[in-house]
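This is what each chain is made of:
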Amino acid sequence: MKHYRTTQAFLLSIWVAVCVVWPGPPVSAVTLHAILAGNTLDDYIGSAVTQDLEQFRRELQIIAEATEMLVRRVELTGTQLRKSALMDTISGLQPAPDDVVLFYFSGHGFSLQTKDEWPYMAMLNDEALDEKWVFDTLAATQPRLLLVISDSCNNVIPEAYAPDVSLKRQFKASRDARENYRALFLHARGAILASSSQHNEVSSTLRNGSAFTRQFFSALHDAVASPRQPTWKDVMDAAIRPI
């Protein structure tokens, strides 16, 4: 049995855990490590996933230009979306203490009756990876700022049908926006874990990408365009509003 995200737009509820994020000192020679993963081959949501990933690529370029950070991007899409490859990539990451780590997944997801509130992210070969494992593993590397975001369903399915879950708008930064990007990505410390769906809920895709991903970027762009210095709480509070 396959589980798919619905393509019908509906009231979207979003589950976000935001750890305390506080200002930090200015830093130099900072690297932003980005891991982007998504099921671009899926017949139902592949087009939306492709658009999600492209928006993240554009945003990473804007962040790099605004903050002068070095961006190192790894992508696992298409036939590369395999659990073992993603686990190896995550486990092998070694950020410096002042670095930023961003993980983003767009694709199918599900939960089990015995699972906590964070979803399993569906990979190829009928396998899945726990978003909470991703967060815990990356948090253990102790980067200055960590963002783990999954745009996927989180509805409960029968365990008998579950995959293998074992662990073996275009935007250009203005001068003021660049300062706000620096506040968010250069001067903030903390960790954020976010999913587009609460436990036992489904997520939504639109014609131009996934609903939560678009809401996240809208919130981010509004924050960096603000006349006052934004915080990650500002961004995530706006990102979780129903649409």
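If you're wondering where the values come from, they're calculated on a predicted model, not measured in any experiment.

What's the story with the sheet that holds strand β6 (residues 109-110) in this structure? I'm lost.
Consider a sheet: its strands pair through backbone hydrogen bonds, and that pairing is either parallel or antiparallel. Judged by pairing direction, the sheet is antiparallel, and its three strands sit side by side in the order β6-β7-β8 without closing on themselves. Looking at which strands have only one partner, the edges of the open sheet turn out to be β6 and β8 (128-130). Two strands pair when backbone bridges link them, and strand β7 (residues 120-122) and β8 are joined in this way by three bridges, in the antiparallel orientation. Its bridge partner lying in β8, Tyr120 is registered against Asp130.

What exactly am I supposed to notice about empty space enclosed by the protein here?
It is the rolling of a water-molecule-sized probe over the atoms that shows where space remains empty. There is about 60 Å³ of room inside the largest cavity. In terms of lining residues, the largest cavity is bounded by Phe56, Glu59, Leu60, Ile63, Leu102, Leu147, Phe185, Phe216, Phe217 and Leu220. Where the lining of the largest cavity is concerned, the elements lending two or more residues are α1 (46-67) and α5 (211-224). Counting residues per element, the lining of the largest cavity draws most heavily on α1, at four residues. Here the lining of the largest cavity is composed, by residue class, of nine nonpolar, no polar and one charged.

Any chance you could explain the packing of aromatic side chains here in plain terms?
Where two aromatic rings form a pair, the distance of their centres and the angle of their planes describe that pair. As enumerated under the stated definition, the model contains seven aromatic pairs in all. Ring geometry for Phe56 against Phe216: centres 6.3 Å apart, planes inclined by 10°, an arrangement best described as stacked. According to the relative accessible area criterion, Phe216 is buried, its value standing at 5%. An aromatic cluster is present here, built from Phe56, Tyr104, Phe216 and Phe217 joined pairwise through their rings.

Reading the values: rules and limits
Residues numbered from 1 in each chain as written. Predicted model: local features only at pLDDT ≥ 70, side-chain atom pairs only at ≥ 80, totals over all residues. Heavy atoms only, no water. Pairing = 2+ DSSP bridges. Helix = DSSP H or I, 4+ residues; strand = E, 2+ residues; numbered from the N terminus. 1 Å grid on protein atoms, 1.4 Å probe; cavity = no way out; pocket = protein on both sides within 12 Å on 5 of 7 lines; lining within 4 Å. Points joined across faces, edges and corners; volume = space filled by probe spheres on them. Nonpolar A, V, L, I, M, F, W, Y, C, P; charged D, E, K, R; others polar. Phe/Tyr/Trp six-rings, centres within 6.5 Å; stacked < 30°, edge-to-face > 60°. Buried < 20%, exposed > 50% of the residue type's maximum accessible area, 1.4 Å probe, protein only.

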